[in-house]
Amino acid sequence: MRIDSSYSQSIPTTPQSEGTLRLQPQHNQAKAQAEADIEQSLREQLPAHIQKMLEQIERVKEQIDQARERLRTLQNEQDPNDEEAHKAMLESQRNLVANMEVQLMQMTQAVTEALKEAGISDPGILLSALS
C-alpha cells in the first residue's frame, strides 16, 4: 500500500512532541461534529421504538450523572454532630446509583435485543446506537 505524501502534508497539524502531530483545535471540532452527524443519521434510520428506547437510556445516563454528583457532594460533606445520619444518606445514595446502573444495563440489553429482532446486526450501528 502506498501512502500519498501530499495528502498527509495537507492536513493542518500542531506539533506536540518530536514525532507526534495533533490536529488543530478547529479540525478536532469539525471531526467531532462530523461524527455526531453520522451518529444522528444512523439513529434516525432506526425503528421508532428503538429510538424511544435510546432516548430513555440518555435520560437515565443523565440521572446517573446527577446521582453520582450528589454522592460526591455527600462524600465531601461531614457533619460531626450527626455521623450516623450522614452514613445512612451516603449508603442510600450509593444504593440509588447502583440500582440506576443496573437499570441502565438492562435497558442496554433490551435495545440490543430489539436491534437483533429488527434484523440490525451491523456492529457499527449497534455501537453507535448504544454510545
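Each chain has its residues counted from 1, following the order in which its sequence is written. In view of the model being predicted, local features appear only for residues whose pLDDT reaches at least 70, and side-chain atom pairs are presented and counted only at 80 or more, with totals across whole chains, interfaces and linings using the full set of residues. Excluding hydrogens and water, the side-chain values take into account all heavy atoms of the structure.

J.: Would you mind going over the overall build of the protein with me for this structure?
T.: The way it works is that DSSP assigns letters per residue, a run of H or I at least four long becomes a helix, a run of E at least two long becomes a strand, and they are numbered from the N terminus. Check the secondary structure of the protein and you find five helices and two strands. Put simply, the protein runs from its N terminus to its C terminus through helices and strands in the order α-β-β-α-α-α-α. Contacts are assigned to residue pairs that have any heavy atoms within 4.5 Å of one another. A separation threshold of at least 6 residues defines the contact pool for the protein, and within that pool the share at least 24 residues apart is 54%. Element-wise, carbon and sulfur atoms account for 50% of the exposed surface of the protein, whose accessible area totals about 9,800 Å². For accessible areas, the Shrake-Rupley method is used with a probe of radius 1.4 Å. Any residue's cover is judged against the shown protein chains and nothing else.

J.: What am I meant to see in the nonpolar core here?
T.: One recurring pattern in soluble globular proteins: nonpolar side chains tend to sit buried together. In this structure, Leu46, Ile50, Leu54, Ile57, Val111 and Leu115 are the most contacted members of the largest nonpolar core, which totals 15 residues. Per-element accounting of this core gives the leading share, seven residues, to helix H4 (residues 83-117). Buried Ala, Val, Leu, Ile, Met, Phe, Trp, Tyr and Cys residues that are joined via side-chain atoms within 4.5 Å together make up what is termed a nonpolar core. Classification of residues uses two cut-offs on accessible area relative to the type maximum, computed with a 1.4 Å probe and protein chains only: under 20% is buried, over 50% is exposed, and between them is partly exposed.

J.: Explain the pattern of salt bridges here, please?
T.: Opposite charge on two side chains allows them to pair when their charged atoms are near. By definition, a salt bridge exists where a carboxyl oxygen of Asp or Glu is found within 4 Å of a side-chain nitrogen of Lys or Arg. Evaluated as defined, the whole model comprises four salt bridges. Among the ionic pairs, Glu101 bridges to Arg68, the shortest N-O distance being 2.3 Å. Pair noted here: Glu101 is in helix H4 and Arg68 is in helix H3 (residues 48-76), with a separation of 33 residues, a long-range link. Note on Arg68: relative accessible area 34%, which makes it partly exposed. For the salt bridge of Arg72 with Glu69, the shortest nitrogen-to-oxygen distance reads 2.9 Å. On the criterion of helical spacing, the pair formed by Arg72 and Glu69 is a turn pair, its members being three residues apart in helix H3.

J.: Is there a simple way to explain the confidence of the model for the protein in this structure?
T.: The predicted coordinates ought not to be read in detail in places where the model reports low pLDDT. Scored from 0 to 100, pLDDT records how confident the predictor is in each individual residue. Averaged over all residues, the pLDDT of the protein is 79; the fraction at 70 or higher stands at 72%. Between residues 1-10, whose pLDDT stays under 50, and residues either more than four places distant or in other chains, the model counts zero contacts.

J.: What is the right way to look at H3 in this model?
T.: One turn of the α-helix equals 3.6 residues, which is why residues spaced by three or four share an orientation. For H3, with 29 residues, the first-to-last C-alpha span of 43 Å sits near the 42 Å given by 1.5 Å per residue. All of the buried residues in H3 are Ile50, Leu54, Ile57, Val60, Ile64, Ala67, Leu71 and Leu74. What a helix should span is 1.5 Å times the count of its residues minus one.

J.: Mind showing me how you'd approach H4 here?
T.: In this model H4 runs 51 Å from its N-terminal to its C-terminal C-alpha over 35 residues, within 8% of the 51 Å that 1.5 Å per residue would give. Within H4, burial applies to His86, Leu90, Gln93, Val97, Met100, Leu104, Met107, Val111, Thr112, Ala114 and Leu115. Directly after H4, the chain includes Gly119, whose backbone phi takes a positive value near 80°.

J.: Would you explain the environment of Leu115 in this entry?
T.: Along the chain, Leu115 turns up in helix H4. For Leu115 and Ile125, which are ten residues apart along the polypeptide, the C-alpha to C-alpha distance reads 9.2 Å.

J.: What am I meant to see in the packing of H3 against H4 here?
T.: The description of two packed helices rests on the angle between their axes and on the distance between the axes. Running from amino to carboxyl end, H3 crosses H4 at an angle of 160°, the nearest separation of the two axes being 9 Å. With respect to each other, H3 and H4 are oriented roughly antiparallel. Taken as a pair, H3 and H4 cross one another with a handedness that is left-handed. Each residue is assigned to one class: nonpolar for Ala, Val, Leu, Ile, Met, Phe, Trp, Tyr, Cys and Pro, charged for Asp, Glu, Lys and Arg, and polar for all the others, Gly among them. For the contact of H3 with H4, a count of residues per class yields 20 nonpolar, eight polar and five charged. In this analysis, axes come from line fits to C-alpha atoms, helices being fitted only over the stretch in contact, and the angle between any two N-to-C directions falls in the range 0 to 180 degrees. Note on terminology: angles under 35 degrees are roughly parallel, angles over 145 are roughly antiparallel, angles of 65 to 115 are roughly perpendicular, and the others are oblique. Handedness of a helix crossing follows the sense of rotation of the near helix relative to the far helix, less than a right angle counterclockwise being left-handed and clockwise being right-handed.

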